[in-house]
Amino acid sequence: MPLSIETSTQRDAGCVPGSVARVPAPRRFEFLRDTFSFANELIWEYTFDDVSGKTTFARRETPGTYTHHCFVLVRAARQFFYHARFDRAQPPADRETNRRLIREVVARDPRHPCGPGREIVIPGYGGLREFSQAQESLMKAECGGAWQSYALRSHWRMIFPISRIHQERTVASLIQAVREKGPPIVHVVRFPALTINHGVVIFSAAETDSGARFEVYDPNYPEQPASMLFDRAARTFTFPRNRYWIGGRLDVIEIYNTWFL
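Just so we're clear, the structure is a prediction, and the values are computed from it rather than from any experiment.

Parameters at a glance
- Residues numbered from 1 in each chain as written.
- Predicted model: local features only at pLDDT ≥ 70, side-chain atom pairs only at ≥ 80, totals over all residues.
- Heavy atoms only, no water.
- Helix = DSSP H or I, 4+ residues; strand = E, 2+ residues; numbered from the N terminus.
- Buried < 20%, exposed > 50% of the residue type's maximum accessible area, 1.4 Å probe, protein only.
- Contact = heavy atoms within 4.5 Å.
- Areas by Shrake-Rupley, 256 points an atom, 1.4 Å probe, with all protein chains shown as cover.
- Pairing = 2+ DSSP bridges.
- Axes fitted to C-alpha atoms, helices over the stretch in contact; angles between N-to-C directions.
- Salt bridge = Lys/Arg side-chain N within 4 Å of Asp/Glu carboxyl O.

Peer 1: Can you help me understand the overall build of the protein in this one?
Peer 2: The helix and strand inventory of the protein stands at 6 helices and 10 strands. Here the protein holds 261 residues, and the buried ones make up 46% of them. Excluding contacts between residues fewer than 6 apart, the proportion of contacts in the protein whose partners are at least 24 apart in sequence is 66%. As displayed, the protein has an accessible area near 13,600 Å², and 54% of this comes from carbon and sulfur atoms.

What follows is the structure, encoded as C-alpha cells:
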C-alpha cells in the first residue's frame, strides 16, 4: 500500500516523563503562497523527436527578458521561506524599504532557517507569491543576477558519475528532508548531454507502490506544480515532458544542503 510521508507534527519528540512536548514542526511550504509569481523565461523554442529522442532548438521570436535565473529563484524561494515572515495586517512598505528587506533576506543562509523571532518581517503581503506579483521588477532586480545560476559551488558534482546507489540514497534523503527540514532544492541534470540542467524545489513527498512521488516548484512554470517520480526497481528519477524537456529519466542532486553543495 502507498504510504504518505508523515510530517514532524505526527511524531512525538523525546521528552521527560510526563511531558507532552513535541519537536516543533517545520512550516509547511505551500505552492500558492511560497513561490514566485513570475517565471524564469526561456530563450529557445524546443522541438522533440519521439523516435530518435533528440531535442532541437531555435531562438524564440520574442526571447524572454528574465532568463537563466532558475537557480536564483529556487535559492531565493527557500531564503524567503526560511527567513521572512509576511504580515498582511501591516500597511505595505515603500519601494526603498522593500528593496532593503529583499536584500536582507537574500543575504541570509539558504541552507538553514533562522531561529524563532529572527525572521525579517515584510509588511502588507500574505506570502512570497503575493509580494513578488506586486513588486516584480524589484524582486527581479534584487534577488540575484543570471551569473549566479552558473557560479554555483555545487556544479562540480554533475561532472562525476552518478550511480544508481547514489540516486537510491538521494530519494531517501529527499523524503527525510521534506519530513523534517522543509523543502529541499535539487539540481536535475543529464550530464554530459545537458538536455536538462535545471533547479527545482521539492515541497511534497509520498511513497508509492513503485517508489516515490515528489511535487515540485519549477521556476519555469509558476502556474502550477510539477511531479517528479522515482522508480524503486530501476533506481531512477523521471520528470514529465514540458516546454523545455522531452521528458523521461534524469539524475537528481540535492544542493544547498551542505557547505560544498
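Let's pick the thread back up.
Peer 1: Quick question: what am I supposed to make of the sheet that holds strand β9 (residues 236–239) here?
Peer 2: Think of a sheet as strands paired side by side through backbone hydrogen bonds, with each pair either parallel or antiparallel. Judged by pairing direction, the barrel is antiparallel, and its 6 strands sit side by side in the order β5-β6-β7-β8-β9-β10 before closing back on the first. Averaged over all neighbouring strand pairs, the angle between strand axes comes to 45 degrees, with direction disregarded. The strands touched by helix α6 (residues 164–180) are β5 (185–189), β6 (197–207), β7 (211–217), β8 (226–231), β9 and β10 (248–255); relative to β10, the strand with the most contacts, the crossing angle is about 60 degrees.

Peer 1: Quick question: what am I supposed to make of the pairing of strand β2 (residues 55–59) here?
Peer 2: Residues in a regular strand point their side chains to alternate faces of the sheet. With 5 bridges connecting them, strand β1 (residues 44–48) and β2 associate as antiparallel partners. Bridged to Tyr46 within β2 is Phe57.

Peer 1: Would you take a moment to explain unusual backbone geometry for this structure?
Peer 2: What is expected of a backbone is that most residues other than glycine have negative phi and most peptide bonds are trans. For His68, which is not glycine, the phi dihedral falls at a positive 60 degrees. Along the chain, His68 falls in the loop between β2 and α2 (70–83). The phi dihedral of Tyr256 is positive, around 55 degrees, even though this residue is not glycine. Within the fold, Tyr256 resides in the segment after β10.

Peer 1: Would you take a moment to explain the pattern of salt bridges for this structure?
Peer 2: Once the charged atoms of two side chains with opposite charge are near each other, the side chains can pair. Tallying each qualifying case throughout the model produces 15 salt bridges. Note that Arg88 is salt-bridged to Glu130, the shortest N-O span being 2.7 Å. Taken as a pair, Arg88 in the loop between β3 (84–87) and α3 (95–106) and Glu130 in helix α4 (residues 128–134) lie far apart in primary sequence, 42 residues in all. Here Glu130 falls in the partly exposed class, since its relative accessible area comes to 31%. For the salt bridge of Asp251 with Arg249, the shortest nitrogen-to-oxygen distance reads 3.3 Å. Salt bridges sharing common partners tie together Arg27, Glu30, Arg33 and Asp34.

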